[in-house]
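# Remarks on the overall topology
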Amino acid sequence: MKDLTVSNIERQNVLNNRFAINKIQEQLDIPFMLFEGEYWLTKKMVAEIYGVDVSTIDRYLASNGDELKHNGYVLCKGKSLKEFKLQFAHLINEASKTTQLGLFNFRAFLNMGMLLTESERAKKLRSMILDLVIATIHEKTGGGTKFINRRDRNYIPAAITEENYRKNLTSVISQYVQGHQTYKYAQVTDLIYKAVFKENAKEYREILRLDSKDNVRHTLYAEVLLVISSFENGVGAAIQEECKQNGKVKLTIEEVERIVGELAEHPMQKPYLNDARSKMASRDFSFRDAYHGNIGEYLQAVSPEEFERFIGDQSVDFDRILENNKDVLKRLKQAEDE
């Protein structure tokens, strides 16, 4: 069970998900004040709702101020404060000489509830938040997140690109690498997976709880597939070059491992590797509730744009695309086999 009081990343994953925020707001009956197009609560109101003293709210503002401001807490002052007082003086019960007033919008209000450890009401809210976040993602994905990566419109071109480079690599392995004709493909694949995201195929399957029939590559995000394509292309070229230099003697798996390791350490690859690791670690943690311990250092919050990309209006129904194009895909498959 996730603990929202501990992890800023987990809190931000909730607050960046507008679909979950809307669901939570529908469930809560809270008397917000509509001002300048947004709903607000004063610090006193937040304290009363959570059943704590204003001093407790102040303490959290002091220790988590940057996070709360990032999510919508503001100090209202000047002309805005005058207009706010005129509109809500009967509700806010603030001294007329007050020169600034702390205001929480809905996201900041939820943010405070995720931080408060002293409040039983906040604890109940956190439980509801986690349930609704899971329900919202499952609702948007049709009940499962195993293949949520395929809801990204960039997935199909990335998968096609990777498949083409994969064919080039398997051809190179067949011609230039020693070992059993089928087993050596799996060995080289694991070396590449290890280099890209520090897990072999078996470890990845266990973390994502994949069935034996599931293809690992069908669960990878577009950016990860493109990095793997880069690796496959680079490894294939390096294997061929080394074979030419040593008189076309097939390489051992140990020699291929050295090539993969050198490519992984190349300065040109570092930004792409780091980005792919961050995308996989962060998205799997948020969308699939899967934690990749070996790349845990790359974990960060999923952005609002990514939620739109995978469960929002920008996402696509991959299965429907396949269904609508099954005749075309069948003809392509037949042409490929001829």
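The structure contained in this document is the topic of the report that follows. All values reported here derive from a predicted model rather than from experimental measurement.

## So, the overall build of the protein chain
Counting its secondary structure elements, the protein chain contains 17 helices and 4 strands. Whereas a compact globule of 338 residues would reach a radius of gyration of roughly 20 Å, the protein chain reaches 26 Å, over 25% beyond that. Along the three orthogonal principal directions, the C-alpha set of the protein chain runs to about 90 × 45 × 35 Å. Burial status across the protein chain gives 47% buried among its 338 residues. Sequence-distant contacts in the protein chain: of pairs separated by 6 or more residues, those separated by 24 or more amount to 69%. When the accessible surface of the protein chain is summed, it comes to about 17,900 Å², and 50% of that surface belongs to carbon and sulfur atoms. Taken together, the 48 basic and 50 acidic charged side chains of the protein chain have centroids lying 2 Å from each other.

## With respect to the packing of helix α12 (residues 222-245) against helix α13 (residues 253-264)
In contact at an axis separation of 10 Å, α12 and α13 are set at 130° when each is read in the N-to-C sense. Here α13 runs oblique to α12, going by the angle between their axes. Remark: the crossing between α12 and α13 carries right-handed chirality. Across the interface between the two elements, Phe231, Gly234, Val235, Ala238, Ile239 and Glu242 from α12 touch Glu255, Val256, Arg258, Ile259, Val260, Leu263 and Ala264 from α13.

## Considering the sheet that holds strand β4 (residues 100-104)
For sheets, the rule is that strands pair by backbone hydrogen bonds, running either parallel or antiparallel. Taken together, the 4 strands give an open sheet; going across it, the order is β1-β2-β4-β3, and neighbouring strands pair in antiparallel fashion. Each having just a single partner strand, β1 (33-35) and β3 (74-77) make up the two edges of the open sheet. The sheet shows a mean angle of 50° between the axes of neighbouring strands, direction not considered. In this sheet, strand β2 (residues 38-42) lies alongside β1 in antiparallel orientation, the contact comprising 3 bridges. If you follow Leu34 over to β2, its bridge partner there is Tyr39. On top of the sheet, helix α3 (residues 43-50) reaches β1, β2 and β4; it is set at about 75° to β2, its chief contact.

## Quick notes on helix α6 (residues 78-92)
Taking 1.5 Å per residue, 15 residues should reach 21 Å; α6 reaches only 17 Å between its end C-alpha atoms and comes up short. In α6, a bend of some 60° at Leu86 exceeds every other bend along the element. Three or more residues of α6 are buried, namely Leu81, Phe84, Lys85, Phe88 and Ile92. Once α6 ends, the next one or two residues include Asn93, with phi positive near 55°.

## A closer look at the nonpolar core
Of all hydrophobic cores here, the largest spans 100 residues; its most connected members are Phe109, Leu110, Met112, Phe197, Phe231 and Ile239. Ranked by residue count, the leading element in this core is α12, at 9 residues. Not counting the four nearest positions on each side in its chain, Met112 is found in contact with Val46, Tyr50, Ile57, Tyr60, Leu61, Leu68 and Phe104.

## A short note on the packing of aromatic side chains
The description of two aromatic rings rests on the distance between their centres and on the angle between their planes. Under the definition given, this model contains 13 aromatic pairs. Aromatic pair Phe287 and Phe307: ring centres 5.5 Å apart, planes at 80°, arrangement edge-to-face. Pair noted here: Phe287 is in helix α14 (residues 270-287) and Phe307 is in helix α15 (residues 304-311), with a separation of 20 residues, a long-range link. Summarising the burial analysis for this pair, Phe287 and Phe307 share the class buried. A network of ring pairs unites the aromatic residues Phe32, Tyr50, Phe106 and Phe109 as a single cluster. A cation sits over an aromatic face here: Arg150 above Phe147, 4.2 Å from the ring centre. A cation sits over an aromatic face here: Arg283 above Tyr221, 5.2 Å from the ring centre.

Reading guide: rules and limits
- Residues numbered from 1 in each chain as written.
- Predicted model: local features only at pLDDT ≥ 70, side-chain atom pairs only at ≥ 80, totals over all residues.
- Heavy atoms only, no water.
- Helix = DSSP H or I, 4+ residues; strand = E, 2+ residues; numbered from the N terminus.
- Rg over C-alpha atoms; globule rule 2.2 N^0.38 Å.
- Buried < 20%, exposed > 50% of the residue type's maximum accessible area, 1.4 Å probe, protein only.
- Contact = heavy atoms within 4.5 Å.
- Areas by Shrake-Rupley, 256 points an atom, 1.4 Å probe, with all protein chains shown as cover.
- Lys, Arg positive; Asp, Glu negative; His and termini not counted.
- Charge placed at Lys NZ, Arg CZ, Asp CG, Glu CD.
- Axes fitted to C-alpha atoms, helices over the stretch in contact; angles between N-to-C directions.
- Parallel < 35°, antiparallel > 145°, perpendicular 65-115°, else oblique.
- Left-handed = near helix turned anticlockwise from the far one by under 90°.
- Pairing = 2+ DSSP bridges.
- Expected span 1.5 Å × (residues − 1).
- Bend = angle between axes of the 7 residues up to and from the residue.
- Core = buried A, V, L, I, M, F, W, Y, C linked by side-chain atoms within 4.5 Å.
- Phe/Tyr/Trp six-rings, centres within 6.5 Å; stacked < 30°, edge-to-face > 60°.
- Lys NZ or Arg CZ within 6 Å of the ring centre and 35° of its normal.

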